[in-house]
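So the chains spell out like this:
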Amino acid sequence: MDEELKCPVCGSLFRDPIILPCSHNICLACARNIIVQTPEGESTHCRASRSSDYDYLDMDKMSMYSETDSGYGSYTPCLKSPNGVRVFPPAPIHRNCSITCPLCHRSVSLEERGLRGFPRNRLLEAIISRYQQSRSETVKCQLCVRNLAEATVKCEQCDVFYCAPCQQRCHPSRGPLAKHRLVPLSQAATGGSQQQAAHKLATCTEHDLENYSMYCVNCKTPVCYQCLEEGKHAMHDVKALGAMWKQHKGQLSQALNGVSEKAKDAKEFLVQLKNLLQQIQENGVEFEACLVAQCDALIDALNRQKAKLLTKVTKEREYKLKVVRDQITHCTVKLRQTTGLMEYCLEVLKENDPSGFLQISHALVKQVQLSQEQWVKGALEPKVCPEFDLSLNSEPLLQSIHQLDFIQVKYPFTVPPAPVLQLEECGTRNNSATLAWKILTFTQSPIEGYVLELDDGNGGQYREVYVGKEILCTVDGLHFNSSYNARVKAYNSSGAGPYSKTVVLKTSDVAWFTFDPSSSHRDIVLSNENQAVSCSSYDDRVVLGTAAFSKGVHYWELTIDRYDNHPDPAFGVARINVIKDMMLGKDDKAWAMYVDNNRSWFMHNNSHTNRAEGGIMKGSTVGILLDLNQHTLSFYINKQQHGPVAFENLDGVYVPAVSLNRNVQVTLLTGLEVPKNYKL
């Protein structure tokens, strides 16, 4: 309990502790040092950082302690008259002074009694005294401010320890203090004085001569009879001091029982943690030994394999050496024979006997020819090469060594609980839905991820739209004017947990979209927050919208902002992979109407159909009506349907599309209702 017995200001054990209104304790000397004098008119809340205008520390050094205040209390500066007689002026009035608690920073104004208006914590003093005895600590002087000197004497009446200088200055053995008994510290009967102090009745802070006898429940403080008679606590609920003492002791004991249980649990938990430390240490040593053994086994296996490979290399080398040695021996014999035959023939050629030469010449010619035939092609080539036709492929093994790592042992856990969808964070925008969820109940089972499922917008089967660890997901590309049911579940190694409650999300009734800069041709120029489009090329270029449709009825318009030199812009729908460097409708990925200032045509896969009179100019509007319920595409010019239904049997996913060149600029208008004259 060391920290409970230390002053929050000086950090040492409390000396003459007083109780502030906030129930925190502080040394009397420390309280004097943090008093702040507040100028008149300034509130106590704005003066905490101001320094004191009066050096209370120096005043404290001049203090005299009387028998009445028992060595602590108010300070009375000592002055001298001209004849040398000491004069004690009235104690200074603490007007406009306040003190701020160093722990909770609550400020309180001082009354005329100053710090004596705060009760002294005698119980804390007694506990500190017993604590010091149990720790056999050196008793310090209770009046030293900065450097605490060792106490030498104790006044039995004041119950205060003094060092020699403080005893001479603050407790001289003369005057009213002459009757006090100063006992050397070695002979001080601390045990008896503690018992006396414990049995000494506490006096009221307001009335020094009155003992506490009652307890004010409203003010939560002991009071005396005089406090009741003066009327300060007359209307308050006052009870007997002894009864409230027993009641509060019972409350404290009951509260301590709960804390004791928690402390007991904490001690058991600490024992578990310490055992866990030992287990981790032991398991770590065992695991290290196992790892070393496994690595040594791998090294032994590698050494054995190395020995086998070295044996193969040795055999190959011995074989090559034997072949080369045999070839050397054979070639040497044949060379000796050939050389001998050559020398013999040369000697025969030197003879001048024609008849004798002719007798052996025929046989010698055959013999020389046979000798020449022995040196056929390949006879003078080595039968083996010096290189070894062996190659060690160590790459897979090196890769396996580099990938050698621990695997996570998965212990059996229960499945996680059902997540809870956060309705305040779920919502839709256009044809996108955002969902958020979390686990509200505490679980020891780890959560490896979540699975978010949506139905098809028609109450059909659910399908997975997200699997991962995030707890927030936005799903794009949903159908407009559709209601989706969404649910989520968590999973871990033991399996998937239960689903959350289902939430219904409705997408926008009409489509709001812009031109898509990410998929447009590089010659396309977008402006007005991607609502207006033009082109920098004389050739037609295609730009797509950001929305994709696969069901429902959708209508949007394009306003002609600029129309020069009678070009042929095309409007319609396309697949996402449409060719973007030619007019819309020339490939099989687009369905369009191209129009000039006089007439128009429908075009798909470069097939022109249904020529219609009537064109466009600056200020005209072109409307596109895509009805995927009836699988048709129709066009409007200036709010009127232009020609018959352009295309039928449309099925799949379609994106709004436009093709134009530098002579045209159009602005996209979305979020429009279907024309009233159209029959759904």
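Read on for a plain summary of the structure. All values derive from a computational prediction rather than experimental measurement.

Strand order in this open sheet of 3 strands is β9-β8-β10, and the pairing throughout is antiparallel. Two strands bound the open sheet, and with one partner strand each, they are β9 (160-162) and β10 (182-184). On average, adjacent strands in this sheet sit at an angle of 30° to one another, irrespective of strand direction. Summarising the sheet, strand β8 (residues 153-155) and β10 pair through 3 bridges and their orientation is antiparallel. Within β10, the residue paired with C155 across the bridge is L182.

With that settled, the discussion passes to the side chain of Q167. Inspection of the secondary structure puts Q167 in helix α4 (residues 164-170). Excluding anything up to four places from it in sequence, Q167 contacts V153, Y162, P172, S173 and L182.

Formed by 37 residues in total, the largest nonpolar core has its most connected members in F549, W556, L558, F571, L626 and L633. Those elements that provide at least two residues to this core are β24 (532-535), β26 (553-563), β27 (570-574), β28 (590-595), β31 (621-627), β32 (632-637), β34 (655-660) and β35 (664-669). By residue number, the principal contributor to this core is β26, which donates 4 residues. Sequence-distant contacts of F549, that is, excluding residues within four places in its chain, are made with F480, A511, F513, H554, W556, L626, L628, G652, V653, Y654 and P656.

Looking now at empty space enclosed by the protein. Any empty space left between atoms is shown by rolling a water-sized probe over those atoms. Under the definition given, this model contains 2 cavities of 30 Å³ or more. There is about 40 Å³ of room inside the second largest cavity. Around the second largest cavity, the lining residues are L20, P21, C22, I99, C101, R106 and V108. Its residues assigned to classes, the lining of the second largest cavity comprises 6 nonpolar, no polar and 1 charged.

Conventions and cut-offs
Residues numbered from 1 in each chain as written. Predicted model: local features only at pLDDT ≥ 70, side-chain atom pairs only at ≥ 80, totals over all residues. Heavy atoms only, no water. Pairing = 2+ DSSP bridges. Helix = DSSP H or I, 4+ residues; strand = E, 2+ residues; numbered from the N terminus. Axes fitted to C-alpha atoms, helices over the stretch in contact; angles between N-to-C directions. Contact = heavy atoms within 4.5 Å. Core = buried A, V, L, I, M, F, W, Y, C linked by side-chain atoms within 4.5 Å. Buried < 20%, exposed > 50% of the residue type's maximum accessible area, 1.4 Å probe, protein only. 1 Å grid on protein atoms, 1.4 Å probe; cavity = no way out; pocket = protein on both sides within 12 Å on 5 of 7 lines; lining within 4 Å. Points joined across faces, edges and corners; volume = space filled by probe spheres on them. Nonpolar A, V, L, I, M, F, W, Y, C, P; charged D, E, K, R; others polar.

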